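Coordinate analysis (summary)
The primary structure of each chain is shown beneath.
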Amino acid sequence: SEFRDKRLTERFRSILSTLAAGNGQTIPQLCEDWAMTKATYRFLSNDRVEENEILSGHFHQVSKRVKATKGPVLILHDTSEFVYKREDVDAIGLTRRGYIPGKFEDGLKKEYSACGVLMHASLAVTSEGLPLGLTSARFWTRNVFKNTAQLKRQVNSTRIPVDEKESIKWLQNLQFSNKNLTSDPSKFVHIGDRECDIYEFYSECVKLNTFFLIRSSANRLADDTTIAEIVDRSNKPYIHKINFIDGNGVNIEAKLSVKVKKVMLHPPQGKVKNYPDVEAFVIAVSEVNPPDGREAIRWNFITNLPITNRKQAIQAIEWYKQRWKIETFFKIMKSGFKAEESKLRTADRISRLLSIICILAWRVHWITHLTREGQSINPHVAFDAIEIKILASIYKKTGDLVTLHDYVVILARLGGYLARRRDPPPGNTVIWRGLSKLNDLKFGFEMRCG
């Protein structure tokens, strides 16, 4: 990463190295002395430092990885909320207001306010799920759009210009991602959940000559009727079986009925003059004979990918399943790097810290999945010479350690992975624990060797 002031560049590299040495520890714990702690706080408080500058080097490397990737690249978009407990809520800003569930003696509802920062991120992954890194990230609080809720009570939300709503974040990340990735835009498939069911997003993807795959939430106007009616009268469905893990961590197999229909989407009535029709495919998925006690699976996808046969329809569904990778990325930031335990007092400072954590969290996410991509990858792709030497000395049978997979297993064992014959591959939790211990060992090694 490069900053306008070279001194900031050097300071950033020092801070990044320090924070990488201790996953989830506080800034004073990591810095260990007042001078480094003060320098870190000054950097995070510096108004000349922007989040995109912090991530600029990361974005550049992601562009190179994307360019080197054969086949399509999936760009996963999602928003996450980082909540903090502060006495002065206004110093950071609000993310949401609501009511505490339950009944109270006075019979009145108790309102609460959540203080924190919202982050909208775009994560590039291969079609097999290997995280290549972030392509865009934005941070804000609800104070920026504080009048939007009142406006929606008076005007139909579809008539409000997109740049006056939080929905603009989806278009901004889409545009920023395509601008900074030097590859052919037709190589990308932008994937989002129901919150991304925005007509302006579809129109912008067509304009940029890139693909989208969005889970629909609205019964949109299409052809001479609506999407729901078109799907109901479509041809004989495909049958497909999937395995997925539910919210309780239970592995479930489901039999799905898959219908595909080509449609011409129409813009909302209030925006007919501003946006053209969009040619797309609707993929309607419904579960066949769902079991009692579990809600049936019902997904509707809108995409401009060419879906002309069963194989392409199933492939689109499998690609959408990769969307969970960005949820995992947010989990690493919050659970592994304790992003919500920071004591910083303003939204700007927190946003700069989150930008740094993004880089560290991606490394954990990347190493976890990189070892599953192939058994012959060189360990120097992910570890430096000192880290390799330390991991080899722990195992003691150096000759048996050849590939990246071998070294990642040793790293995972530092984090509590048992490495039994039938155990699944190590996950993100044991990897970030292992990296924390490895950094402690590396510090001791460097101190001893001078």
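Structural data are supplied above this passage.
Read on for an overview of the structure. (Residues numbered from 1 in each chain as written. Predicted model: local features only at pLDDT ≥ 70, side-chain atom pairs only at ≥ 80, totals over all residues. Heavy atoms only, no water.)

Turning to helix 12 (residues 324-336), a few remarks are in order. Here helix 12 spans 17 Å end to end across 13 residues, near enough to the 18 Å set by a 1.5 Å rise per residue. All buried positions along helix 12 are accounted for by Lys325, Ile326, Thr328, Phe329, Phe330, Ile332, Met333 and Gly336. Looking one or two places after helix 12, you find Lys338, whose phi comes out positive at around 50°. (Helix = DSSP H or I, 4+ residues; strand = E, 2+ residues; numbered from the N terminus. Expected span 1.5 Å × (residues − 1). Buried < 20%, exposed > 50% of the residue type's maximum accessible area, 1.4 Å probe, protein only.)

Moving on to the packing of aromatic side chains. Inspection of every chain in the model, using the stated rule, returns 10 aromatic pairs. The interplanar angle of 75° and the centroid separation of 6.5 Å between the aromatic rings of Tyr199 and Tyr202 together place this pair among those described as edge-to-face. With a gap of 3 residues between them, Tyr199 and Tyr202 both fall in helix 9 (residues 199-207), about one helical turn apart. With a centroid separation of 4.8 Å and 55° between ring planes, the pair formed by Phe301 and Tyr320 is classed as tilted. With Phe301 in strand 12 (residues 298-303) and Tyr320 in helix 11 (residues 310-321), the pair connects residues that are 19 residues apart, well separated along the chain. Pairwise contacts between aromatic rings join Phe3, Phe12 and Phe43 into one cluster. One Lys or Arg, Lys334, reaches over the ring of Phe82 and ends 5.0 Å from the middle of that ring. (Phe/Tyr/Trp six-rings, centres within 6.5 Å; stacked < 30°, edge-to-face > 60°. Lys NZ or Arg CZ within 6 Å of the ring centre and 35° of its normal.)

Position of Val263 among the secondary structure elements: in strand 10 (residues 251-265). On the basis of relative accessible area, Val263 is assigned to the buried category, the value being 3%. Considering only alpha carbons, one finds Val263 and Val282, 19 residues apart in sequence, at a separation of 7.1 Å. Setting aside residues up to four positions removed in sequence, Val263 forms contacts with Ala222, Asp223, Ile230, Val278, Glu279, Ala280 and Val282. (Contact = heavy atoms within 4.5 Å.)

To continue, consider the pairing of strand 5 (residues 188-192). Across the 5 residues of strand 5, 5 count as buried, placing the element largely inside the fold. Judged by which residues are buried, strand 5 turns out to be covered on both faces: Phe188, His190 and Gly192 on one side and Val189 and Ile191 on the other are all buried. Both strand 1 (residues 73-84) and strand 5 contribute to a ladder of 4 bridges, which runs parallel. What sits directly across from Leu74, in strand 5, is Val189. (Pairing = 2+ DSSP bridges.)

The next point concerns the packing of helix 8 (residues 168-180) against helix 9. Contact geometry for helix 8 and helix 9: axes closest at 9 Å, N-to-C directions at 15°. Regarding the angle of helix 8 to helix 9, the classification is roughly parallel. Pair helix 8 / helix 9 crosses with right-handed handedness. Residues Trp170, Leu171, Leu174 and Gln175 of helix 8 form the contact with helix 9, whose own contacting residues are Glu200, Phe201, Glu204 and Cys205. For the contact of helix 8 with helix 9, the class distribution of residues is 5 nonpolar, 1 polar and 2 charged. (Axes fitted to C-alpha atoms, helices over the stretch in contact; angles between N-to-C directions. Parallel < 35°, antiparallel > 145°, perpendicular 65-115°, else oblique. Left-handed = near helix turned anticlockwise from the far one by under 90°. Nonpolar A, V, L, I, M, F, W, Y, C, P; charged D, E, K, R; others polar.)

A few words on the environment of Phe188. In this structure, Phe188 sits in strand 5. Between the C-alpha atom of Phe188 and that of Ala254, which follows or precedes it by 66 residues, the distance is 29 Å. Sequence-distant contacts of Phe188, that is, excluding residues within four places in its chain, are made with Val66, Val73, Ile75, Asn178, Leu181, Ser183, Thr210 and Phe211.

This part is about the side chain of Arg323. Along the chain, Arg323 turns up in the loop between helix 11 and helix 12. Arg323 gets classed as buried once you look at its relative accessible area, which sits at 11%. Aside from chain neighbours lying at most four places away, what touches Arg323 is Leu76, His77, Asp78, Ile191, Gly192 and Asp193.

End to end, helix 8 covers 18 Å across 13 residues, agreeing with the expected 18 Å (1.5 Å per residue, within 8%). All of the buried residues along helix 8 are Ile168, Lys169, Trp170, Leu171, Asn173, Leu174, Phe176, Ser177 and Asn178.

The phi dihedral of Lys338 falls on the positive side, at around 50°, and the residue is not glycine. Position of Lys338 relative to the elements: it lies in the loop between helix 12 and helix 13 (347-373). On the basis of relative accessible area, Lys338 is assigned to the partly exposed category, the value being 31%. Its identity as a non-glycine residue notwithstanding, Ala419 has a phi of 55°, on the positive side. Counting through the fold element by element, Ala419 comes out in the loop between helix 15 (404-414) and helix 16 (428-449).

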